[in-house]
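Listed here are the chains, written in short residue letters.
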Amino acid sequence: MGRIAHVNNRPVTIVGVAPDLTTGWLTPPNVWLPYTAQPYMDSSRNAFADNSLLWLKLAGRLAPGFSQSQVRSEFEILERHEDRSHPGRATAIATTDGSWLAEFELDASARGLFLFVFFLGSFFLVLLIACANVATLLLSRAASRRREIAVRLSLGAPRIRLVRMLITESLIMAAIAGAASAYLVRHVPHPLFRYPGAARPPTTR
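Residues numbered from 1 in each chain as written. Predicted model: local features only at pLDDT ≥ 70, side-chain atom pairs only at ≥ 80, totals over all residues. Heavy atoms only, no water.

1. A closer look at the environment of Ala102
Along the chain, Ala102 turns up in helix H3 (residues 100–106). The class of Ala102 is buried, set by a relative accessible area of 14%. Apart from residues lying up to four places away in sequence, Ala102 is in contact with Thr96 and Asp97. (Helix = DSSP H or I, 4+ residues; strand = E, 2+ residues; numbered from the N terminus. Buried < 20%, exposed > 50% of the residue type's maximum accessible area, 1.4 Å probe, protein only. Contact = heavy atoms within 4.5 Å.)

Next comes the structure, spelled out in structure tokens:
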């Protein structure tokens, strides 16, 4: 607490540390800043003075007894008030349920939809190739073990015991692969996101 850190070559004072997984955003921020610090963090522009920028997103929880339509109605009142207070201003407010799909639809564009379909198709193609490779390896391994299984049967091993052995081996391999996949999914995306986004200004939420 009270230490000075540099974000975008700007000194900021650390006032606290939020617990992990505080936010439910798809790419959780590493640094929380007040939204009023936007001109300070990016001196090349002032988003408060440029009415053409759509840059601020707010996330909140509905209070018990309130619906999304009631929230939208209250925001519309604030929207009209701001437009009357600032002639020539056109305020645009959109409310969603906070899901990833709703956020994507809010910012959707033809380019974004194309990239989404492209990466989703690439993901399933790689997954299909990986499954085919694993199936081929398992089949080749089973073919190479035909002699071993024949010897076990000749020594009196029950067939159900051999089936249990093969299923157990497959489950162990699947568990190891699942654990490795979960580790990669948990730890790899964040460095990959930080690398291409290193030159981008931080998002203030």
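2. Quick word on the pattern of salt bridges
Counted by the stated rule, this structure contains four salt bridges. Note that Asp42 is salt-bridged to Arg45, the shortest N-O span being 3.4 Å. Judged by relative accessible area, Asp42 falls into the buried class, the value being 19%. Residue class for Arg45 comes out partly exposed when judged on its relative accessible area of 41%. Where Arg152 meets Glu148, a salt bridge forms, and the shortest distance between an N and an O atom there is 3.1 Å. Taken as a pair, Arg152 and Glu148 lie in helix H5 (residues 146–154) at a separation of four residues, close to a single helical turn. Using a relative accessible area of 34% as the deciding quantity, one classes Arg152 as partly exposed. For Glu148, a relative accessible area of 30% gives the class partly exposed. Within this structure, Arg145, Glu148, Arg152 and Glu169 form a network of salt bridges that share partners. (Salt bridge = Lys/Arg side-chain N within 4 Å of Asp/Glu carboxyl O.)

3. Looking at the packing of aromatic side chains
Scanning the model with the defined rule gives three aromatic pairs in all. Their ring planes at 70° and their centres at 5.4 Å tell us that Phe118 and Phe119 sit as a pair that is edge-to-face. Here Phe118 falls in the partly exposed class, since its relative accessible area comes to 46%. A centroid spacing of 5.4 Å and a plane angle of 70° characterise the contact between Phe123 and Phe124, whose relative ring orientation is edge-to-face. (Phe/Tyr/Trp six-rings, centres within 6.5 Å; stacked < 30°, edge-to-face > 60°.)

4. A look at a nonpolar patch on the surface
The grouping of Leu113, Phe116, Val117, Leu120, Phe123, Phe124 and Leu127 at the surface amounts to a nonpolar patch, some 670 Å² of accessible area in total. Mapped onto the elements of the fold, Val117 is located in helix H4 (residues 110–144). (Patch = residues over 30% accessible without salt bridge, like charges linked within 9 Å, V, L, I, M, F, W, Y side chains within 5 Å. Areas by Shrake-Rupley, 256 points an atom, 1.4 Å probe, with all protein chains shown as cover.)

5. Things to note about the pairing of strand S1 (residues 4–7)
Here four bridges tie S1 to strand S2 (residues 10–13), and the two strands are oriented antiparallel to one another. When the sheet's bridge partners are listed, Ala5 is paired in S2 with Val12. (Pairing = 2+ DSSP bridges.)

6. Brief notes about unusual backbone geometry
Positioned with a positive phi, Asn8 is a non-glycine residue whose angle comes to about 55°. Inspection of the secondary structure puts Asn8 in the loop between S1 and S2. Backbone geometry at Asn9 places phi at a positive 60°, although glycine is not the residue there. For Asn9, the location among the structural elements is in the loop between S1 and S2.

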